[in-house]
Amino acid sequence: MPIPPTAPNPFAAQAHAAVCSWLSRFGICQSPASQRNLRRARITDTTALAYPDAGPADLVRLTQWLYWTFIMDDDFDDGPDGRDPARCEEALTSLVRVLDGGAGRTPATHAFADIWQRMLANRSAAWRKEFRKDTEEWLWTYYEDTVDRAADRYPCIDAYRYRRARGVGAHMFLTLAELGAGLDLPEALRHLPALQDLKRAAAEYTGLNNDLWSVAKDRSVGVFHNAVVLLERNEGHTARVAADRVAGMLADCAEAMLTAARELPAQLDATGMTGPARTDALTCATAYEKFVRGCFDYYHQADRYTRPEPCSSSTPAPVHRLFEPVQPPTTTHHP
């Protein structure tokens, strides 16, 4: 990890309190099992590390968005919605409807509609287009994974690496790095090759690094969309050799990030970009790097990854039950 660490965002406590209030308001994730999963994930810490420069109001919506993505990821990874293509399609369609302006038809989609609209508030059309594209691509990777499981298809590692960067939501979270850094880039800057290369390498690093940390959890629930597991299955590697191969991929991604960052100033010179626009492009590159470093540091801190719980049942059971009728809260504690 060649990127230096940054102190976490100082507004994390306020953001966490806002998340607890938000979850209670929509009546989701109130069961003891759901709250235990959220506590173990320490999601607020992720946001504070990944977006260290966000202001207090922006950190609240970033943290709420990250909570939502973790919650949904658990349900698709651990529950039946990620095992049955028809159920998965139905769930995803209800979420895409929200992206298109729908208000939501269940408590879970009502919550999603609320945070989606607040993520778009005060953002440019160019940013909204990018974020909408990244979010929908992320959502449909759950369907792609579900079809693989149903067909018992193990993708090759090259195809998987491309999908994993989107499946972990990394492109979406890197677009949010603009929000976290107080930026909103004009359209032309989004198409600078160096900035695109940096974002692509950062996204792939984020996905592969997640695989190294989540391999035990993935094995416990029968998830094989993990670079380590696929290298064992498709190429016959031992767990250690497979993990070393993934570490080598991470080193390549890190070098690609550094190369792109070095190339960015010359590309700005070539376009004649000066003043605030040039500063914003350089700041965005730094924000991408801070995001990657923040995620890297987070995994060392969360029980979700450092102390995986044994799987208590081989039957898929969604701990958060996003797409089932909400039950009355059974506890007053919060994650």
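Further up the page is the structure itself.
Nothing here was measured: the structure is a model prediction, and the numbers come from that model. (Residues numbered from 1 in each chain as written. Predicted model: local features only at pLDDT ≥ 70, side-chain atom pairs only at ≥ 80, totals over all residues. Heavy atoms only, no water.)

(A) Structural context of the pattern of salt bridges. Tallying each qualifying case throughout the model produces 27 salt bridges. As a salt-bridge pair, E136 and R132 come within 2.3 Å of each other at their nearest N and O atoms. Taken together, the residues E136 and R132, both in helix α7 (residues 125-151) and four residues apart, mark about one turn of the helix. In this structure, D148 engages R153 in a salt bridge whose closest nitrogen and oxygen atoms are separated by 2.9 Å. Here D148 falls in the buried class, since its relative accessible area comes to 3%. A network of salt bridges, in which partner residues are shared, links E144, D145, D148, R153 and R163. (Salt bridge = Lys/Arg side-chain N within 4 Å of Asp/Glu carboxyl O. Helix = DSSP H or I, 4+ residues; strand = E, 2+ residues; numbered from the N terminus. Buried < 20%, exposed > 50% of the residue type's maximum accessible area, 1.4 Å probe, protein only.)

(B) Structural detail: the packing of helix α3 (residues 43-50) against helix α14 (residues 275-298). It is the contact of α3 with α14, at a shortest axis distance of 7 Å, that shows an interaxial angle of 145°. Considering only the axes of α3 and α14, their crossing is right-handed. When α3 is examined against α14, the residues D45, T46, L49 and A50 are found in contact with a partner set consisting of K290, F291, G294, C295, D297 and Y298. Classifying every residue of the contact of α3 with α14 by side-chain character gives five nonpolar, two polar and three charged. (Axes fitted to C-alpha atoms, helices over the stretch in contact; angles between N-to-C directions. Left-handed = near helix turned anticlockwise from the far one by under 90°. Contact = heavy atoms within 4.5 Å. Nonpolar A, V, L, I, M, F, W, Y, C, P; charged D, E, K, R; others polar.)

(C) Inspection of the environment of V96 at higher detail. Residue position: V96 is located in helix α5 (residues 85-99). According to the relative accessible area criterion, V96 is buried, its value standing at 10%. Look past the residues within four positions of V96 in its chain and what remains in contact with it is R132, E136, L139 and W140.

(D) How the structure looks around the side chain of T47. Along the chain, the position of T47 falls in helix α3. Overall, T47 belongs to the buried group, its relative accessible area being 0%. Sequence-distant contacts of T47, that is, excluding residues within four places in its chain, are made with L59, L62, T63 and L66.

(E) Looking closely at the environment of L38. For L38, the position within the fold is in helix α2 (residues 32-41). Residue class for L38 comes out buried when judged on its relative accessible area of 2%. For the pair L38 and D74, spaced 36 residues apart in the sequence, the C-alpha separation amounts to 10.0 Å.

(F) Representation of unusual backbone geometry in the model. Despite not being glycine, R42 has its phi angle at roughly 50°, a positive value. In this fold, R42 is placed in the loop between α2 and α3. A positive phi angle is found at D152, which is not glycine, with a value near 55°. As for its position among the elements, D152 is in the loop between α7 and α8 (157-167).

(G) Representation of the nonpolar core within the structure. The biggest cluster of nonpolar side chains holds 99 residues, and the ones touching the most others in it are Y51, W65, W68, F131, L176 and M257. Considering each element in turn, this core owes the most residues, eleven residues, to helix α4 (residues 56-78). (Core = buried A, V, L, I, M, F, W, Y, C linked by side-chain atoms within 4.5 Å.)

(H) Here's a closer look at the packing of aromatic side chains. This structure, assessed with the given rule, holds 15 aromatic pairs. Taken together, a centroid distance of 5.9 Å and an interplanar angle of 35° make the contact between W65 and F112 tilted. Residue W65 is found in helix α4, and its partner F112 is found in helix α6 (residues 107-120); the two are separated by 47 residues along the sequence. Overall, the relative accessible area of 0% leaves W65 in the buried class. Its relative accessible area of 1% is what places F112 among the buried residues. Relative to Y143, the ring of W140 lies with its centre 5.7 Å away and its plane at 85°, an arrangement referred to as edge-to-face. Here W140 pairs with Y143, and both are found in helix α7, just three residues apart, close to one helical turn. A relative accessible area of 26% places W140 in the partly exposed class. These aromatic residues form a ring-pair network of at least three members: W65, W68, F112, W116, W127 and F131. R166 extends its terminal NZ or CZ atom over the ring of Y162, reaching a point 4.3 Å from the ring centre. The aromatic ring of Y154 is capped on one face by R233, whose charged end is 4.1 Å from the ring centroid. (Phe/Tyr/Trp six-rings, centres within 6.5 Å; stacked < 30°, edge-to-face > 60°. Lys NZ or Arg CZ within 6 Å of the ring centre and 35° of its normal.)

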